[in-house]
Amino acid sequence: MASAAQTLGRYRTAAAVVVGLAVIPLVPGLNSSYVLHMLILMLMWSVIGMAWNLLGGYCGQVSFGHAAFFGLGAYTGGILYYHLGWSAWWGLPVGMVVVALGALGVGYICLRLRGPYFALGTLAMGEVLRVTAENLEWLTEGTRGIMLETRTWVAKEPFYYVILAIAVASFVVLEVMVRSKWGYYFVAIREDQDAAESLGIDTTLYKNIALVVSAVLTGVAGAFYTCYMGYIDPEIVFALHDVSIVAIMVVMVGGVATRWGPLVGAVIMILLSEVVRTLPYIGRAHQTLFGILLIVIIIFLPNGVVGDFRKMMRFFLGRSKPAGAGGV
Amino acid sequence: MVQLEVFLQTLVSGLLLGGLYALIGLGMTLIMGVMKIINLAHGELMMVAMYIAFWLFHLLGMDPYVTLLVTVPALFVLGVFIQKTLISPVLKVDSILPENQVILTVGIGMVLQNLATLFFTSDYRSTPVDYASDAWYLSDWWRSSPIELSFSVPWVVSFGFAVAITAALWWFLQRTDAGKAIRATAQDKDAAILMGVNVERMTVVTFGLGAALVGAAGSLFIPMYYLYPALGGRFTLIAFVITILGGLGSTQGAIIGGLILGVFESMTATYVGMGWAPVGRFLVFVACLIFLPGGVAGLMRRR
């Protein structure tokens, strides 16, 4: 086993990023509640992105239904609060169990499908849960949603450190999984499921592992969302476009199957949606711009900003400078 | 007796709805069969057609059924345009995830829906035709009928058009050279190329045809349905459920799948509650995936 110092050496960038993020609330000028709100959203989406990346990027099972897990996590906290009077923070641990069970159910139905059919199966699962949450009024309060009367903290800093801790934990979990032999099994399944099967990899088992871990991380993000925003309804947390598709976009923009892709993608997406939202008139067109961005990324940068970084640099530098300078 | 009447009435409206669903499913299954991609902008294309029909009705006073003459060619052109400029470049790009094409159609759908919201607002629109609430009754033809059933005029007319269009498509696919070339491409792309079929062109034509079919469905739905931009997403899901139910890429399957789904939804709405109709739709879907993965087409093949 590598010693602590060696591990730290290997993950110098990661350590620097974590320390950098941890001190931001202490920096005067950066610690406004607006900046912290943005950072909290970025970290939350990077958790969802990392989760999606494990299942979609490494294991090759593209899910269109991560809203199902996000919503399950969010509603676990909300229901514990509303019906039992517990703190909504119990949604984190309890939600992990609930979402894991839900993911096994989804896996039982959807993992027998391959490629695009899996994608659409999960999409249907997300929609089923949304409609169910809308109609099961005795449990979920239907479209009225659940509102927390008081939030745990007024200040943003505690929420920020909680989501930072969740993000770091997710990053570590994914690193450990992807660098272990499981990671190689996942990639083997992505590249050719039949070949992986014939080499003795239990594809059903490993696809289920990827799905459950991915779902649980997404569910934790959902439970955090309930505590942080203080209000949930089915249209918000089970949203197809605003959760499931954004989860895909975060990873597609950042870079599929890359370590930093989800974080980079989340930063870009949140900044972009903020900028777009503040523009007069164009603000309402944010989905058009997102859609166009998605189309452009798929056609020109299919491996995202991180994955196609060299290609992107060549494009921007290669045109303006002579060929020799582009390589630096 | 009343119970039987309710049941039969539900069955009739389910079948009428199912006929239109079949038209939507046919377009999707054609695209899926030939191009092996799932078009998740399918419902949004129908929404575009419905807006075309709505404005023709509103500005020129055209009857919704006459707008078929405009929506079908317009959607064909739109489909060809999308296929040529967006989908075919992506088919050539090399990437880790082959599902990129599906995600691409999601992007197209998002753009279409959002543009519709921008230009036409998210208000509910309708085409108030004067025959909207007319109906034919069973007792009109059969005096001594023990039970009474009503047949809404716009539903029956739309259903008739849907059947006619389906029959025309059938004839096109079975009898014409272009139709045979499309079926050959769906069966085996490489073999079709070797037989001298212009596969590239057939792909473009298929996407246009699929869009045109769902465009026709748009014109046929507009007399009965309220129109708003988010309508498209709902119909994309419906189209997709029908295709899974029918068996991927099978035209007969799509027709039967559409009818089954129509009847099932109408039954759920009557016997369980309006709000649960979408859940019923997905229960059919999940049950189909678990117990009948090949869909109706798989069942027919086994016989």
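Going by the structure above, here's the rest.
Just so you know, these numbers come straight off a predicted model, no measurement behind them.

### With respect to the packing of aromatic side chains
Residue and element names in this part refer to chain A. For the structure shown, the criterion picks out 28 aromatic pairs over all chains. Aromatic pair W89 and F224: ring centres 6.3 Å apart, planes at 55°, arrangement tilted. A residue pair is termed long-range when its members are at least 10 positions apart, and W89 in the loop between α4 (66-84) and α5 (91-110) and F224 in helix α11 (residues 203-229) qualify at 135 residues. Since its relative accessible area comes to 18%, W89 is described here as buried. On the basis of relative accessibility, which here comes to 0%, the residue F224 falls in the buried class. Taken together, the ring pairs in this structure connect W89, W153, F159, F224 and Y228 into an aromatic cluster. The ring of Y108 has R112 lying over it, and the distance from NZ or CZ to the ring centre is 5.1 Å. Of note, R151 hangs over the ring of Y228, and the distance from its end group to the ring centre comes to 5.7 Å.

### A word on the interface of chain B and chain A
Contacts between the two partners involve 38 residues from chain B and, on the opposite side, 47 residues from chain A. Overall, the association of chain B and chain A removes approximately 3,800 Å² of surface from exposure, summing both partners, and the carbon and sulfur fraction of that is 80%. When the area that chain B buries against chain A is broken down by residue, the three leading residues are I96, I103 and M110 of chain B, summing to 17%. Viewed at the interface, chain A and chain B are joined by zero salt bridges. Applying the counting rule to chain B against chain A returns one residue pair in polar contact (both at pLDDT 80 or more). At the level of secondary structure, the elements contributing two or more residues to the side of chain B that touches chain A comprise α3 (68-92), α4 (100-120), α10 (231-246) and α12 (277-291) of chain B. Looking at the side of chain B that touches chain A, the element that brings in the most residues is α4 of chain B, giving 14 residues. Looking at the side of chain B that touches chain A residue by residue, the classes come out as 29 nonpolar, seven polar and two charged.

Scoring rules and cut-offs
Numbering of residues begins from 1 in every chain and follows the order in which that chain's sequence is written. Lettering of chains starts at A and numbering of ligands starts at 1, both following the order in which they are written. Reporting in this predicted model follows two pLDDT cut-offs: at least 70 for local features of residues, and 80 or more for side-chain atom pairs to be given and counted; totals over whole chains, interfaces and linings ignore these cut-offs and use all residues. Only hydrogens and water are set aside; all other atoms, that is, all heavy atoms of the structure, feed into the side-chain values. For Phe, Tyr and Trp, where Trp contributes only its six-membered ring, two rings pair if their centres lie within 6.5 Å, and the inter-plane angle classes them as stacked under 30 degrees, edge-to-face over 60, or tilted in between. The helix and strand labels rest on DSSP assignments: H or I over at least four residues marks a helix, E over at least two residues marks a strand, and numbering proceeds from the N terminus. Whether a residue is buried, partly exposed or exposed follows from its accessible area with a 1.4 Å probe, protein chains only, as a fraction of its type maximum: under 20%, in between, or over 50%, in that order. Charge-over-ring placement is defined geometrically: NZ (Lys) or CZ (Arg) within 6 Å of the ring centre, and within 35 degrees of the ring normal. Any two residues whose heavy atoms approach within 4.5 Å at even a single point are treated as in contact. As a working definition, buried area equals the accessible area (1.4 Å probe) given up by two parts on being put together, with both sides summed. Just to be clear on terms, a salt bridge is a Lys or Arg side-chain nitrogen sitting within 4 Å of an Asp or Glu carboxyl oxygen. We define a polar contact as two N or O atoms separated by no more than 3.5 Å, with the added condition that, inside protein, one atom must be a possible hydrogen donor and the other a possible acceptor, whereas residues neighbouring each other in sequence contribute only through side-chain atom pairs. Throughout this entry, Asp, Glu, Lys and Arg are counted as charged residues, while Ala, Val, Leu, Ile, Met, Phe, Trp, Tyr, Cys and Pro are counted as nonpolar. The remaining residues, Gly among them, count as polar.

None of this, on its own, says anything about what the molecule does.
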